[in-house]
Every structure is written in structure tokens, then in C-alpha cells.
Amino acid sequence: MDHHWSKKKVLVTGAGGFIGSHLIERLIDLGADVTGFVRYNSRNDWGLLEIIPPHMLDSLEVVSGDLLDFDAISGAAKNVDVIFHLGSLISIPYSYNRPRDTIENNILSTFKYLNRGKGTGCGKIRPYIFKRGIWHGAVCAD
Ligand SMILES: NC(=O)c1ccc[n+]([C@@H]2O[C@H](COP(=O)([O-])OP(=O)(O)OC[C@H]3O[C@@H](n4cnc5c(N)ncnc54)[C@H](O)[C@@H]3O)[C@@H](O)[C@H]2O)c1
């Protein structure tokens, strides 16, 4: 397992979030070379990535942008071996109140990204599915 991730170039979207930031810590522990894609904000705040152990920052490149901006995501995804796509709006009350925003942000951005996978250099896309059959994201792996 450790050998598998050593020196692998990995992009994680939703990097400032709960799962993304913990995944990044683990990947860095396993020797991966990680790029974290965080949503841009004017405070240049990286979310939960702000509190990962400081020594891990040497193995991490952070790219700010929006998943709806295909140029931003395809730029970040150039030459990576694996993509964990975890960026999304996850709040259930918010998705009831703002379904359009949720659909555009989560489904359309993922669709664009999958549909133009070649532009990201992603050869093979494996969706990952959690319990109850709900699709929560995708992993790009050659
Ligand atoms: N947390 C859990 O227990 C859990 C369980 C099962 C599945 N999941 C799934 O895992 C994924 C990540 O969940 P999480 O708990 O880390 O969520 P989170 O809200 O902590 O993180 C999501 C991140 O995505 C980013 N994001 C949202 N829209 C973006 C956009 N347009 N551009 C760039 N970044 C954007 C947010 O800024 C946030 O940092 C989701 O798909 C979620 O449904 C989470």
C-alpha cells in the first residue's frame, strides 16, 4: 500500500473540506506528491488544510479555483496519476433550498469534468460509491 502511493502524483478536489483534508494527510504520509484544489476566496483561506501538520506543506501544492471553471481544474489535473474528486456542496438543507445551485455545482461540474476527461489527462474514470448506492464522487486512475 505504501509503495503504491509513493511518488504518485495525486490531485484532490474539495481539499479544504473534511474528507479531502484528511485524505491529503494520509496520502502525504504514504509518500504521494499531492495537489489540493480548494475553492478560491478573497481571504486566501484553505479551509481545513490550514490545520494540517506544517511539515506536510512541503509535499503539498495548493491550487485555488472553482470546479465550474474547467480551465482551472484541467490545469490542476495536468500530469497527475490519480484524481480524487471530492469537491461538492454537501448540505442537505441547502440543497433543498437551493437545488439549482446544488445541481450546477455538483452534477454539472462533475459531468463537464468527466465528459472532458481527456483534457485532464485522465485515462480511466472509476466512480466510487458509498453505502446506499449514492454516488459521491469519482476517482481518475490510469
Ligand atoms: N463527510 C462525510 O461523512 C461524508 C460521507 C459520505 C460521503 N461524503 C462525500 O464526500 C465528499 C466530500 O465531503 P466533505 O464532508 O469533505 O464535504 P466538505 O463540505 O467538508 O468539503 C467539500 C469541499 O468542496 C469544496 N467545493 C464545493 N464546491 C466547490 C466548487 N465549485 N469549486 C471548488 N471547491 C468546491 C468546498 O469548498 C469544500 O471545501 C462529498 O461528495 C460528500 O457527499 C462525505
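Remember, predicted model here, so these are calculated numbers, not experimental data.

It is worth spelling out the confidence of the model for the protein at this point. In the predicted model, the protein carries a mean pLDDT of 83, and 77% of its residues have values of at least 70. Considering only residues more than four positions removed or in separate chains, one finds that residues 129–134, a stretch of pLDDT under 50, has two contacts.

Okay, the pattern of salt bridges next. In this structure the tally under the stated criterion is four salt bridges. Close ionic contact of D33 with K9 constitutes a salt bridge, the shortest N to O distance being 3.1 Å. With D33 in strand β2 (residues 33–39) and K9 in strand β1 (residues 9–13), the pair connects residues that are 24 residues apart, well separated along the chain. When its relative accessible area of 37% is taken as the criterion, D33 is described as partly exposed. Put simply, E104 and R100 hold a salt bridge, and the shortest N to O gap is 3.1 Å. Taken together, the residues span about one helical turn, with E104 and R100 both in helix α5 (residues 99–115) at a distance of four residues. Taking relative accessible area as the criterion, E104 reaches 30% and is therefore assigned partly exposed. Assessed through its relative accessible area of 63%, R100 is described here as exposed.

Attention now moves to the packing of aromatic side chains. Aromatic ring pairs are described here by two measures, namely the spacing of the ring centres and the angle between the planes. Going through the model one piece at a time under the given rule, you end up with one aromatic pair. Seen from their ring centres, W5 and F84 are 5.8 Å apart, and the 40 degrees between their planes marks the pair as tilted. Here W5, found in helix α1 (residues 2–5), pairs with F84, found in strand β4 (residues 82–85); they are 79 residues apart in sequence, far enough to count as distant. The exposure class of W5 is buried, given its relative accessible area of 10%. Given a relative accessible area of 16%, F84 falls into the buried group.

Each value, and the rule that gives it
Residues numbered from 1 in each chain as written. Predicted model: local features only at pLDDT ≥ 70, side-chain atom pairs only at ≥ 80, totals over all residues. Heavy atoms only, no water. pLDDT = per-residue confidence, 0-100. Contact = heavy atoms within 4.5 Å. Salt bridge = Lys/Arg side-chain N within 4 Å of Asp/Glu carboxyl O. Helix = DSSP H or I, 4+ residues; strand = E, 2+ residues; numbered from the N terminus. Buried < 20%, exposed > 50% of the residue type's maximum accessible area, 1.4 Å probe, protein only. Phe/Tyr/Trp six-rings, centres within 6.5 Å; stacked < 30°, edge-to-face > 60°.

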